[in-house]
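Inside the fold
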Amino acid sequence: MNKQEVIKSVSDKIRLIRLERNYSQDRMAEVIGISKKTLVQIEKGRTEAGWTTTVAVCGLFGDSEILQSVLGDVPLEVVEIIAHNGVSSPKDKTLGGRVWWKEIQKEGSFRLQQNMISQHYRILDDQDYRWFSSFDKSEAVKRFEQLTNE
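The present account deals with the structure reproduced in this document. Since this is a predicted model, take the numbers as computed values, not measurements.

So, about the pattern of salt bridges. One pass over the structure, following the stated rule, counts 10 salt bridges. A salt bridge links E77 to R130, with the nearest nitrogen and oxygen atoms 3.8 Å apart. Residue E77 is located in helix α6 (residues 75-84), and its partner R130 is located in strand β4 (residues 130-134); the two are separated by 53 residues in the primary sequence. Here E77 matches R130 in class, with each residue buried. The residue E103 makes a salt bridge to R111 at a minimum N-O spacing of 3.9 Å. Under the relative-accessibility criterion, R111 is labelled buried at 11%.

What follows deals with the packing of aromatic side chains. Centre distance and the angle of the planes are the two values used to describe a pair of aromatic rings. As enumerated under the stated definition, the model contains two aromatic pairs in all. Centroid distance Y23 to F61: 6.1 Å. Interplanar angle 80°. Geometry classified as edge-to-face. Of the two residues, Y23 is situated in the loop between α1 (3-20) and α2 (25-32) and F61 in the loop between α4 (51-60) and α5 (65-71); the sequence distance between them amounts to 38 residues. Like Y23, the residue F61 is buried in the burial classification. On the numbers, 5.4 Å between centres and 90° between planes, the contact of F110 with W131 is edge-to-face. Taken together, the residues span a long stretch of sequence, with F110 in strand β2 (residues 110-115) and W131 in strand β4 at a distance of 21 residues. The buried category is assigned to F110, whose relative accessible area is 10%. A relative accessible area of 22% means that W131 is categorised as partly exposed. Here K3 stacks its cationic end above the ring of W51, 4.9 Å away from the centre of that ring. We note R27 situated over the ring of Y23; from NZ or CZ to the ring centre the distance is 5.4 Å.

On to the sheet that holds strand β3 (residues 121-125). Spatial strand order, β1-β2-β3-β4: four strands in an open sheet with antiparallel pairing. Only two strands of the sheet have a single partner each, and these edge strands are β1 (101-107) and β4. Taking each pair of neighbouring strands and ignoring which way they run, the sheet shows an average axis angle of 20°. When β3 meets β4, the two strands line up antiparallel, connected through four bridges. Looking at β4, one finds that Y121 is bridged to S134.

In terms of nonpolar packing, the biggest core is built from 21 residues, with M28, V57, F61, L67 and L71 touching the most fellow members. Every element with two or more residues in this core is listed here: α1, α2, α3 (36-43), α4, α5 and α6. Here the element with the most residues in this core is α1; it accounts for four residues. When residues no more than four places from it in sequence are discounted, the contact partners of L71 are M1, V6, S9, V10, C58, V78, N115, I117 and S118. Within the second largest apolar cluster, eight residues are counted, among which are L112, I123, A140 and L147.

The rules behind these values
Every chain is numbered independently, its residues counted from 1 as its sequence is written. Two thresholds apply to this predicted model, a pLDDT of at least 70 for residue-level local features and 80 or more for giving and counting side-chain atom pairs, whereas whole-chain, interface and lining totals are computed over all residues. Neither water nor hydrogens contribute to the side-chain values; these are computed over all heavy atoms in the structure. By salt bridge we mean one thing: a side-chain nitrogen of Lys or Arg within 4 Å of a carboxyl oxygen of Asp or Glu. Helix and strand definitions follow DSSP, with helices as H or I runs of at least four residues and strands as E runs of at least two, each counted in order from the N terminus. Each residue gets one of three labels from its accessible area relative to the maximum for its type: buried under 20%, exposed over 50%, partly exposed in between, using a 1.4 Å probe on protein chains only. Aromatic contacts are taken between Phe, Tyr and Trp rings whose centres are within 6.5 Å, Trp giving its six-membered ring; a plane angle under 30 degrees counts as stacked, one over 60 as edge-to-face, and the others as tilted. Note on geometry: a ring has a charge over it if NZ (lysine) or CZ (arginine) is within 6 Å of the ring centre and within 35 degrees of the ring normal. Here, any two strands with at least 2 DSSP bridges between them count as paired. In this analysis, axes come from line fits to C-alpha atoms, helices being fitted only over the stretch in contact, and the angle between any two N-to-C directions falls in the range 0 to 180 degrees. Think of a nonpolar core as a cluster: buried Ala, Val, Leu, Ile, Met, Phe, Trp, Tyr and Cys residues, connected wherever their side-chain atoms sit within 4.5 Å. In this analysis, two residues are considered to be in contact whenever any of their non-hydrogen atoms come within 4.5 Å of each other.

What follows is the structure, encoded as structure tokens:
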């Protein structure tokens, strides 16, 4: 997944995300910081959300089932990986990947997983803390080998 694909996915589902929260167009526009006119244009497919709006939606509506079904477990994680071109430091505690993730490899106290929706990779420790995330499989495997050989 890349920035444009995330923008398109969020733009295509923004109306459903709004309805899931039972927000009016006025309220939704206010929450994400855009005009109602812009929101209407996005909902009608006449324009796409900008990156800032997309990030706001992912951050403010990360618990949305609609958004999770499009981007995977933690929508803001997908945005963070794209914005920073990967994440390579111990981060948030996760739920361990029971729903949206398939395990690729496990060794010692680390496991490499791939998100079944966004297709990005991450490395978790045995306490479910995220150590690394990337869309690049070779980078993920390399970092996994580094961590398991330390």
